[in-house]
Amino acid sequence: MPQDNPFSTGSSEDFPGFPDGTVGLTAADTARIAGSGGASGLWAADGTVNPDAVRLGQTLATALLGGGTPGLASADTLLPAELAAHVEEVRGVALPAYHRIESTDGIRLSAFSLRQLGPGPHPLVVVPAGWTPYGWPLFLWAYLSLARRGYHVLAYTPRGLGIPGLPSTSEGLVDVAGPHDWADGSAVIDFAVEHLAPSTIGFLGESYGSGISQLVAAHDGRVSAVAALSTWGNLATSLYDNETRHLAAVKALLALTGGPVEEKFDEENQRILADFQADRNLDEVVRWGRKRSPESYLPLTNENETPTFFSNTWHESLFPVNQVLTTFEGLRVPKRLNLWIGDHAAPEGPALIGTEPRKANVPMEEAYAWLDHHLKGEHNGVEEWENVAGQVMFTYVTEPVTDPGTGEPTGENRIVEPAVRETRADWCQVTTGVEVFGLTGDGAGGADGLLVPRAAEEPAPPEGTGWRRAFVAGVDTEATAMDLPLMKTGQAEWRGNPKIYDTRKIDRRHAVAWVTEPLLAPEGEGPTGRRVRGIPRLRLTVRSTATSAGLVAHLLDVAEDETARIISHEPLNVYGLTPEQDATVTWNLQAAAYDIPAGHRLMLVVDSMDPLYGGASITWTQTAFGSPEGEPSFLELPLG
């Protein structure tokens, strides 16, 4: 099929540039972008893409493609000296170009390449853009980093994404990582083979691009390695699990396509999205999601023997961590799973977009090392990595940030020592034991119930059965998984400022809580009361005055002053209840790595609503929990 081939001039003559790119960046602009706070990440405070990151990426793209092209500004006119020198350095080793790559059905994808100028062949990294309206320019800094490591780079915007009129917008309709996207990935590989003649081919993707990377690799054996960042393994359970719709995640994603749903999706995908939001035909929604899940094609990935690198966060709001763990455990290939503090794209985002150009970014450096080892054959230590590495939540050391003008504290902290990281040979070795806590009824004067440790094989103590506790459902409380908009809380976590809860403000009229006595440090554990490692599990007996009930479990670390930090959470919707009759339910919370300090208490709070989810409770109905003698309620806490 015909393709643009602009390599001879270094850029495509029909590249129109970006509206903001013609303005350029000053040294003051780049200093602000590189500064601390909300400007340094991928997401703005309102949950949209950071406009500084957009401007930086578009300006870098225009500067790269402008050298020697009439009508386009060059690097030294668009960028301060340091950035301009960086661009010129890359132009000295790689030739930039803009393309329109035609897929099998005639859809033309906006793409950008950096072709190595030295004698080859050279390995290639293909980068499908993430789910944003700005497409491939957003991660321009990463392409420069890859080119400096000796890679050809070919980045493209998946079909349908983008704002009409931007040169980075691709034609077609969004397929949500469906078969059209797989075929597009193979068409991009065809283009690369013809025009770049790479020695090996790898895929690196962030978010949407990470899922597409895995799916293309499963269906195209020419992919030799994958680095999937902030990724999903099972799209179905990312969006709908435990009978619960992840509504806030879908709402956030729909706002980032670059246009209205009616213009961005075909009729079938519009119907699926409408059904999901209307809480109907969910079996069909699940089938649709599974078709777009790398987990569904594990046999193909394993047969292709594709080395696969995952990077995710413990408090991931778009693609919760447990579904990634299931997929990871199903891989029978060289693999690595990194788990970080924070939320979607917070750890690797600054290094993808270049908002912290002088700061070492371990999440991205390890992703690059993975590619270097599997695409270039470098003996760089990757061959000795254990399969799993996880940060322990909030074990970093911080110091207060002061206002440079007044010297007064700003109320935020900065990290001065990174969090502890632990490695294990595989996920199954993260948890080495389980502590069971029985749940009791109210304490004296209606105080919270207790979490009472007991051996797993021991029967529940007398106070652990026969009780019943009720609350008024359908009203939210201060016990929320995170603040909205999405990613806001996780970005703060990543930078040393985890959300602080005041447990006294959790309205016990609309929630039930249980708490341990102050935890003592086990022998040999120093100042740590409990080392939580793995997936907590909760069993409750529930009844309602209605036929359905929404339950949201939150596990908190409570300090002496009654403030708390969240360890884990997970919702469960229960349907088909017979009013005023018991039903016993068991569900897993999201995986965690968390050290509870000695002297702190572990608190379990269960309420009926959370802004992230579609609930099943009917407002002002009553939900009650109990603990029958034959099926006592308990919390299983994984330890490691």
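I will try to describe carefully the structure that is included in this document. (Residues numbered from 1 in each chain as written. Predicted model: local features only at pLDDT ≥ 70, side-chain atom pairs only at ≥ 80, totals over all residues. Heavy atoms only, no water.)

With that out of the way, let us pick up the nonpolar core. In this structure, Leu79, Trp136, Tyr143, Leu204, Trp514, Leu602 and Phe625 are the most contacted members of the largest nonpolar core, which totals 174 residues. Counting residues per element, this core draws most heavily on helix 2 (residues 51–66), which supplies eight residues. Setting aside anything within four residues of it in sequence, one finds Phe625 in contact with Trp467, Arg468, Arg469, Phe471, Val512, Trp514, Leu540, Thr541, Val542, Leu551 and Val606. Membership of the second largest hydrophobic core comes to twelve residues, among which are Ala479, Ala511, Val558 and Ala564. (Core = buried A, V, L, I, M, F, W, Y, C linked by side-chain atoms within 4.5 Å. Buried < 20%, exposed > 50% of the residue type's maximum accessible area, 1.4 Å probe, protein only. Helix = DSSP H or I, 4+ residues; strand = E, 2+ residues; numbered from the N terminus. Contact = heavy atoms within 4.5 Å.)

So, about the packing of aromatic side chains. Counted under the stated rule, the structure contains 21 aromatic pairs. Ring centres of Tyr98 and Trp136 lie 6.4 Å apart, and the angle between their planes is 50°; on these two criteria the pair is classed as tilted. A residue pair is termed long-range when its members are at least 10 positions apart, and Tyr98 in strand 1 (residues 94–102) and Trp136 in the loop between strand 3 (124–128) and helix 5 (140–148) qualify at 38 residues. Taking the relative accessible area as the measure of exposure, Tyr98 reaches 3% and is therefore buried. The exposure class assigned to Trp136 is buried, which follows from its relative accessible area of 0%. Relative to Phe319, the ring of Trp232 lies with its centre 5.1 Å away and its plane at 50°, an arrangement referred to as tilted. Here Trp232 is found in the loop between strand 6 (225–229) and helix 8 (235–239), whereas its partner Phe319 is found in the loop between strand 9 (308–313) and helix 14 (321–330), with 87 residues between them in sequence. Note that Arg336 overlies the ring of Trp385, its terminal NZ or CZ placed 4.4 Å from the centroid. (Phe/Tyr/Trp six-rings, centres within 6.5 Å; stacked < 30°, edge-to-face > 60°. Lys NZ or Arg CZ within 6 Å of the ring centre and 35° of its normal.)

Attention now moves to the environment of Leu572. Within the element layout of this structure, Leu572 appears in strand 23 (residues 563–574). Residue class for Leu572 comes out buried when judged on its relative accessible area of 9%. For the pair Leu572 and Phe15, spaced 557 residues apart in sequence, the C-alpha to C-alpha distance is 50 Å.

Let's shift gears to the pairing of strand 27 (residues 622–626). Within strand 27, four of the five residues are buried, which leaves the element mostly enclosed by the surrounding structure. Both strand 17 (residues 468–472) and strand 27 contribute to a ladder of five bridges, which runs antiparallel. Along strand 27, the bridge assignment pairs Phe471 with Thr623. Note that strand 21 (residues 537–544) and strand 27 share four bridges and pair antiparallel. Note that in strand 27 the partner of Arg543 across the bridge is Ala624. (Pairing = 2+ DSSP bridges.)

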